[in-house]
Amino acid sequence: MICQLFNPDLIPIDKELIKAVIKRDVGCRKCFTKENLHVHHILPRSSSGKDTMENLICLCASCHRRQDLKFDRLRYLTIFEKRQIEENIRNARGLQ
Ligand SMILES: [Zn+2]
Ligand SMILES: [Zn+2]
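Residues numbered from 1 in each chain as written. Chains lettered and ligands numbered in written order. Predicted model: local features only at pLDDT ≥ 70, side-chain atom pairs only at ≥ 80, totals over all residues.

## What about the overall build of the chain?
As a reminder, the rule being used: The way it works is that DSSP assigns letters per residue, a run of H or I at least four long becomes a helix, a run of E at least two long becomes a strand, and they are numbered from the N terminus. For every residue, the other C-beta atoms within 10 Å of its own C-beta are counted; 20 or more classify it as buried, 12 or fewer as exposed, and values in between as partly exposed. C-beta atoms are placed from the backbone. Remark: residues whose backbone-derived C-beta atoms lie within 7 Å of one another are considered to be in contact.
A tally of helices and strands in the chain yields two helices and two strands. When the helices and strands of the chain are listed from N to C terminus, the series reads α-β-β-α. Taking all 96 residues of the chain together, 18% fall into the buried category. Within the chain, contacts between residues separated by at least 24 positions form 59% of all contacts whose residues are at least 6 apart in sequence.

## Quick look at the pairing of strand β2 (residues 56-60)
Heads up, the rule is: Strands were regarded as paired on the criterion that DSSP finds at least two bridges between them.
Counting buried positions over the five residues of β2 gives five, a clear majority of the element. The alternating pattern of β2 places Leu56, Cys58 and Cys60 on one face and Ile57 and Leu59 on the opposite face, and all of these are buried. Taken together, the five bridges between strand β1 (residues 37-41) and β2 define a ladder with antiparallel strand orientation. By the bridge assignment, His38 is partnered in β2 with Leu59.

## Points about the nonpolar core
Threshold: Throughout this description, the term nonpolar core refers to a group of buried Ala, Val, Leu, Ile, Met, Phe, Trp, Tyr and Cys residues whose C-beta atoms join them within 7 Å.
Judged by nonpolar contacts, Ile18, Val21, Cys28, Leu37, Val39, Leu56, Ile57, Cys58, Leu59, Cys60 and Cys63 together constitute the single largest core of eleven residues. Put simply, the parts of the chain that give this core at least two residues each are α1 (15-25), β1 and β2. Broken down by element, the residue count for this core peaks at five residues, all from β2. Each residue touching Cys58, except ones within four places of it in the same chain, is listed here: Val21, Ile22, Asp25, Gly27, Cys28, Arg29, Leu37 and Val39.

## Quick word on the confidence of the model for the chain
To keep it simple, the criterion reads: By definition, pLDDT measures how confident the predictor is in each residue, and it falls between 0 and 100.
Taken over all residues, the pLDDT of the chain has a mean of 81, while the share at 70 or more is 76%. Low pLDDT, under 50, characterises residues 1-9; the stretch is placed with 20 contacts to residues that sit more than four places away or in other chains.

## Here's the deal with unusual backbone geometry
Unlike most non-glycine residues, Val26 shows phi in positive territory, near 65 degrees. Along the chain, Val26 falls in the loop between α1 and β1. Taking the C-beta count within 10 Å as the criterion, Val26 has 11 such neighbours and is therefore assigned exposed. The phi dihedral of Phe32 falls on the positive side, at around 65 degrees, and the residue is not glycine.

Here it is as structure tokens:
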């Protein structure tokens, strides 16, 4: 029931908050199933996402996995791009 598959810190979300999010969303926000519900951080904790109603949505297990993988890839690309830029700067300095 808890979004922790890709969470760096495994502090569980407050149980009352989970109940409130599931009550608000009723089922998965993507495919509307009511089975295997998880609570997912829109902005992950690793990016200073908070445990609030606004930052939490209800997803089923399979939509959740897809969503977290998508974010993980985005984050990887960002780090990769950052490295590229840093390398370009270093190379440019070396040529001066
Ligand atoms: Zn779903
Ligand atoms: Zn998640």
